[in-house]
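# Close look at the chain arrangement
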Amino acid sequence: MGIPLSTEERVAPVAAGSPTITTVCSHSSLQIFHGARAEGYRTLGICAGTPPRYYEAFPLARPDEFLSVPTLPDIVGAVPRLKAATAVLVPHGSFVEYLGPERFASLDVPVFGNRAVLGWESDREKERMWLESAGVPMPRRYATPADVEGPAIVKYYGAKGGKGFFLAKNREALDGFQPTGPHVIQEYVLGTRYYCHFFYSPLSTEGYRVGNGSLELLGMDRRDEANIDELYKLGAQEELLRAGIRPTFVVTGNVPVVLRESLLPQVFDVGARIVERSIELFGGMVGPFCVEGIMTEELVFKVFEISTRIVAGTNVYVHGSPYSDLAAPDLSMGRRIALELKRARTEGRLREILS
Ligand code: AMP
């Protein structure tokens, strides 16, 4: 069976005692709540202080209830309330970041997906080991500035929005380089960025089979990144520095993109390798993940990052994308999560998709 899409008629309120789809009010929460509600689920939005006012403008995506905590790390103390609400937590970038991956992973509340994956995503060393051992092409890594050949990017660990990342046109530009913290020096890949939104279903037995389940590609986006965007980044950096501005990659929004059809096999191959290796390393990823890479002019997709949960780029596809439309109508990533939960409940397989 492929994607078990409900028709409008079949969407009835889910049975009593069924999970309440819960997430933090930010990032991709509108879409998560919208998709959950479309499948008849109750929804709960966690917020710091007063519920964000913008929800009033989006009645179809407003959670049924809010759970207000003084600050987001206080979610830890709200576990009894989350349990009482039969919450299933849907992780997204802000949820995990505000809480920290360890604290998030230690919450005694069911989480959609395998929470073990967050430790692999948040540690750049482990992430590289995972992707490289899966045979995924990645930007070269230079041990020291002296090893650099061609343009390079210095990435600091934990740099929010790439703040303080340093771009060097060549090795000479790194002369006298004084790092300000733990970092990696990578080949700066010239090409076009694509952020590919995958969903891995361990339950599905149709479609593009990977492991015991199947891999779906629901969309792609490119991020708008301030203040460096879009082209001529190396030159732009010099201009910015001359003006006394440090370039950053702070994400300000997302734009939909599609890839040349002839490049899809490569992207699927990368997605499949990442899933297969995740099964060997830590029991597998479940649900949404995003492969973030750069297509070079030689048409090699070099992956610089993976997000192992829903990404905000999926927000551009509340009613489906040019890819998801070819699998099922009206399918957002948020709705896909709700559908997987529904199917797992029907088939008695919740343990395979919750952790
Ligand atoms: P990251 O923190 O790894 O997601 O990187 C933030 C941003 O830096 C990305 O969205 C890209 O625009 C850029 N970037 C990261 N790594 C590379 C790379 N190796 N080559 C070119 N651009 C990169």
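Report on the accompanying structure. Since the model is a prediction, treat every value here as computed from it, not as a measurement.

Thresholds, definitions, all that
- Residues numbered from 1 in each chain as written.
- Predicted model: local features only at pLDDT ≥ 70, side-chain atom pairs only at ≥ 80, totals over all residues.
- Heavy atoms only, no water.
- Helix = DSSP H or I, 4+ residues; strand = E, 2+ residues; numbered from the N terminus.
- Polar contact = N/O pair within 3.5 Å; in protein donor to acceptor, adjacent residues only side chain to side chain.
- Contact = heavy atoms within 4.5 Å.
- Core = buried A, V, L, I, M, F, W, Y, C linked by side-chain atoms within 4.5 Å.
- Buried < 20%, exposed > 50% of the residue type's maximum accessible area, 1.4 Å probe, protein only.
- 1 Å grid on protein atoms, 1.4 Å probe; cavity = no way out; pocket = protein on both sides within 12 Å on 5 of 7 lines; lining within 4 Å.
- Points joined across faces, edges and corners; volume = space filled by probe spheres on them.
- Salt bridge = Lys/Arg side-chain N within 4 Å of Asp/Glu carboxyl O.
- Nonpolar A, V, L, I, M, F, W, Y, C, P; charged D, E, K, R; others polar.
- Pairing = 2+ DSSP bridges.
- Axes fitted to C-alpha atoms, helices over the stretch in contact; angles between N-to-C directions.
- Near = heavy atom within 4 Å.
- Areas by Shrake-Rupley, 256 points an atom, 1.4 Å probe, with all protein chains shown as cover.
- Phe/Tyr/Trp six-rings, centres within 6.5 Å; stacked < 30°, edge-to-face > 60°.

### Structural notes on the side chain of Arg336
- Within the element layout of this structure, Arg336 appears in helix H9 (residues 333–346).
- A polar atom in the side chain of Arg336 sits 2.7 Å from the side chain of Glu216.
- What Arg336 contacts, discounting residues up to four positions off in sequence, is Ile3, Phe199, Ser201, Glu216, Leu218 and Leu331.

### Re the nonpolar core
- Residues Ile75, Ile274 and Phe289 are the most contacted members of the largest nonpolar core, which totals 54 residues.
- With eight residues, helix H8 (residues 264–282) is the largest single contributor of residues to this core.
- When residues no more than four places from it in sequence are discounted, the contact partners of Phe289 are Cys196, His197, Phe198, Tyr200, Leu215, Gly271, Ile274, Val275, Ile306, Ser307, Thr308 and Arg309.
- Ile21, Leu218, Val286 and Leu339 belong to the second largest nonpolar core, which has 22 residues in total.

### Some details on the layout of surface pockets
- What the second largest pocket holds in volume is close to 260 Å³.
- Along the walls of the second largest pocket sit 17 residues, with Leu215, Glu216, Leu217, Phe268 and Ala327 positioned nearest its centre.
- Of all the elements in the fold, those that place two or more residues in the lining of the second largest pocket are strand S11 (213–227) and H8.
- Sorting elements by how many residues they give to the lining of the second largest pocket places S11 first, with five residues.

### Some words on the pattern of salt bridges
- A complete count under the given rule lists 19 salt bridges for this structure.
- In this structure, Glu216 and Arg336 form a salt bridge, with 2.7 Å as the shortest nitrogen-oxygen distance. A residue pair is termed long-range when its members are at least 10 positions apart, and Glu216 in strand S11 and Arg336 in helix H9 qualify at 120 residues. Each of the two residues, Glu216 as well as Arg336, counts as buried.
- Within this structure, Arg343, Glu347, Arg349 and Glu352 form a network of salt bridges that share partners.

### A word on the environment of Ala152
- Residue placement: Ala152 occurs in strand S6 (residues 152–156).
- Looking at Ala152, the relative accessible area reads 0%, which means it is buried.
- When the C-alpha atoms of Ala152 and Lys169 are compared, they prove to be 6.5 Å apart, with 17 residues separating the residues in sequence.
- Not counting residues up to four positions away in its chain, the partners in contact with Ala152 are Tyr142, Phe166, Leu167, Ala168, Leu174, Ile185, Gln186, Glu187 and Tyr188.

### Some thoughts on empty space enclosed by the protein
- With the rule as written, the count across this model stands at three cavities of 30 Å³ or more.
- Every residue lining the largest cavity is counted, 17 residues in all, and those nearest its centre are Pro91, Phe112, Gly113, Thr308 and Arg309.
- For the lining of the largest cavity, a count of residues per class yields 12 nonpolar, three polar and two charged.
- As for the second largest cavity, its lining consists of Arg124, Glu127, Arg128, Met138, Arg141, Val184, Gln186 and Phe304.

### Focus: the sheet that holds strand S2 (residues 42–48)
- In spatial order, the strands read S3-S2-S1-S4; together these four strands make up an open sheet with parallel pairing. Looking at strand neighbours, the two that pair on one side only are strand S3 (65–69) and strand S4 (87–89), the edges of this open sheet. Between one strand axis and the next, the sheet turns by 30° as a mean value, whatever way the strands run.
- Pairing of S2 with S3 involves five bridges; the strand directions are parallel. Paired with Ala48 across the bridge in S3 is Val69.

### So, the site of the ligand
- Near the ligand you find 17 residues, and of these Lys155, Gln186, Val189, Tyr195 and Glu225 are the closest.
- Within the side chain of Arg124, an N or O atom sits 3.1 Å from an oxygen atom of the ligand.
- In this structure, Tyr195 approaches the ligand through a side-chain N or O atom, which is 2.7 Å from an oxygen atom.
- The protein chains hide 94% of the 480 Å² of surface that the ligand would expose on its own.
- Sorting the residues of the shell around the ligand by element identifies S6, strand S8 (183–187), strand S9 (192–201) and strand S14 (301–307) as the ones contributing at least two each.
- Classifying every residue of the shell around the ligand gives nine nonpolar, one polar and seven charged.

### Thoughts on the packing of aromatic side chains
- Per the counting criterion, the structure on display carries 12 aromatic pairs.
- Arranged with centres 4.8 Å apart and planes meeting at 25°, the rings of Tyr54 and Tyr55 form a pair that is stacked.
- Look at Tyr55 and you get buried, because its relative accessible area is 1%.
- Ring centres 6.2 Å apart and planes at 20° place the aromatic pair Phe166 and Phe177 in the stacked group. Here Phe166, found in strand S7 (residues 166–168), pairs with Phe177, found in the loop between S7 and S8; they are 11 residues apart in sequence, far enough to count as distant.
- Residue class for Phe177 comes out buried when judged on its relative accessible area of 19%.
- An aromatic cluster of three or more residues is present, and its members are Phe33, Tyr54, Tyr55 and Phe66.

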